[in-house]
Amino acid sequence: MVNYIEASSAPPKNTGAIRLYDTQAFDGMRKACQLTARCLDALADIVKPGLLTDEIDRFVFDFGMDHGAYPATLNYRGYTKSTCTSINHVVCHGIPNDKPLREGDIVNIDVTFVLDGWHGDSSRMYPVGTVKRAAERLLEVTYESLMRGIAAVRPGARTGAIGEAIQTYAEAERCSVVRDFCGHGVGRLFHDSPNILHYGRANEGPELREGMIFTIEPMINLGRPHVKVLADGWTAVTRDRSLSAQYEHTVGVTADGCEIFTLSPAGLDRPGLPSLAR
């Protein structure tokens, strides 16, 4: 049985209950999420061949510090970096290092800032220089998958509607949906209930209610959906070494749909790809 609780009276830990946030909380999330979005916007100007992923990590740390925010991943469960940088066949949780980006790479940069206690969580794909058409198409399909999942969010629907919208579209485009990772509740906690699967059926999962806040972050592969985690305990890669892509937004359920907190103020939700009017 699914339990819902007013966030203001919920304990400061994930108990499995789904938190329902008020308008003040939505204001706090807007500020944290927009700071994250502005950082991701700024990265669009510096991602190019030769850039070290460690330099991306330092940029994110400094950006947060300059704006009174702290990177949520830094020292989270032993993770030692301020961001995740996942290149080509890395599905998620790639660890920044001294390896330079190369012409034709695609890289996901995942940023979460904690501002005034609120977590703003988002990620985008960045093409490095000129990429092959197969990679560009994967980015297009993955972004569209995300937006179709978001379009399914409304009070009374179930979380499975999000997954069904993503899975139906991605598989029709001859791509696969990673099952091993999912979206999640977010707010005062970095990871909270409910889990948001990126596959499934519309009549499955908890009911969506006004005030819920969570991420939608589909990972889409050009090949098969299977992944493995490397010996570092973090880096997840495709087993068949096919390209993988991910876009992520944080959304809040409203009376008639949802609000996307992490939209780019500069229109760079798909950096390196043509902007889409929605």
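Attention in this report is confined to the structure presented alongside it. Please read all numbers here as calculations on a predicted model, not as lab measurements. (Residues numbered from 1 in each chain as written. Predicted model: local features only at pLDDT ≥ 70, side-chain atom pairs only at ≥ 80, totals over all residues. Heavy atoms only, no water.)

### A few points about the overall build of the chain
Note the threshold: Helix and strand labels come from DSSP, where a helix needs a run of H or I of at least four residues and a strand needs a run of E of at least two; each type is numbered from the N terminus. Atoms counted for the radius of gyration: C-alpha only. Globule rule: 2.2 Å times residue count to the power 0.38. Type-normalised accessible area, obtained with a 1.4 Å probe on protein chains alone, sets the label of each residue: buried when under 20%, exposed when over 50%, and partly exposed for intermediate values. Whether two residues are in contact is decided by their heavy atoms: any pair within 4.5 Å suffices. Two residue types count as positive, namely Lys and Arg, and two as negative, namely Asp and Glu; His and chain ends fall outside the count. The atom standing in for a charge is NZ when the residue is Lys, CZ when it is Arg, CG when it is Asp and CD when it is Glu.
Along the backbone of the chain there are four helices and 17 strands. Taken over C-alpha atoms, the radius of gyration comes to 17 Å for the chain, in line with the 19 Å a tight globule of 278 residues would show. For the chain, the C-alpha atoms occupy an extent of roughly 50 × 45 × 40 Å along the three principal directions. For the chain, buried positions account for 55% of its 278 residues. A sequence separation of at least 24 residues applies to 70% of the contacts in the chain between residues at least 6 apart. The chain carries 29 positive and 34 negative side-chain charges, and their two centres are separated by 5 Å.

### Looking at the sheet that holds strand S15 (residues 244-246)
In a beta sheet, neighbouring strands pair by backbone hydrogen bonds and run either parallel or antiparallel. The condition is simple: Here a strand pair is declared whenever DSSP counts at least two bridges between the two strands.
One open sheet accounts for three strands, arranged S8-S12-S15; its pairing is antiparallel. Taken across any chain shown, the strands that pair with only one partner, and hence form the sheet edges, are strand S8 (176-177) and S15. The sheet contact formed by strand S12 (residues 219-221) and S15 spans three bridges and is antiparallel. Along S15, the bridge assignment pairs Met219 with Gln246.

### Concerning the packing of aromatic side chains
Keep this limit in mind: Side-chain rings of Phe, Tyr and Trp, where Trp is taken by its six-membered ring, are said to pair if the distance between their centres is within 6.5 Å; with planes under 30 degrees apart they count as stacked, over 60 as edge-to-face, and otherwise as tilted. Either the NZ atom of lysine or the CZ atom of arginine qualifies as a charge over a ring when it sits within 6 Å of the ring centre and within 35 degrees of the ring normal.
If you walk through the whole model with that rule in mind, you get seven aromatic pairs. Ring geometry for Phe26 versus Phe261: centroids 5.2 Å apart, planes at 85°, classification edge-to-face. Highlighted residues: Phe26 in helix H1 (residues 23-43) and Phe261 in the segment after strand S17 (257-260), separated in sequence by 235 residues. A relative accessible area of 2% places Phe261 in the buried class. Here a set of aromatic residues connected by ring pairs shows up, and it is made of Phe59, Phe63 and Phe113. The cationic tip of Arg179 hangs over the ring face of Tyr199; the distance from NZ or CZ to the ring centre is 4.9 Å.

### Details of the pattern of salt bridges
Our working definition: Put simply, a salt bridge is a Lys or Arg side-chain nitrogen that is within 4 Å of an Asp or Glu carboxyl oxygen.
Here the structure, examined in full by the defined rule, presents ten salt bridges. For Glu136, the salt bridge goes to Arg133, with nearest N and O atoms at 2.7 Å. Remark: Arg133 and Glu136 occur in helix H3 (residues 133-151); sequence separation between them is three residues, near one turn of the helix. Across the pair Arg133 and Glu140 runs a salt bridge whose closest N-O atoms are separated by 3.1 Å. Under the relative-accessibility criterion, Arg133 is labelled partly exposed at 48%. On the basis of relative accessible area, Glu140 is assigned to the partly exposed category, the value being 25%. Connected via shared salt-bridge partners are Asp27, Arg30 and Glu259.

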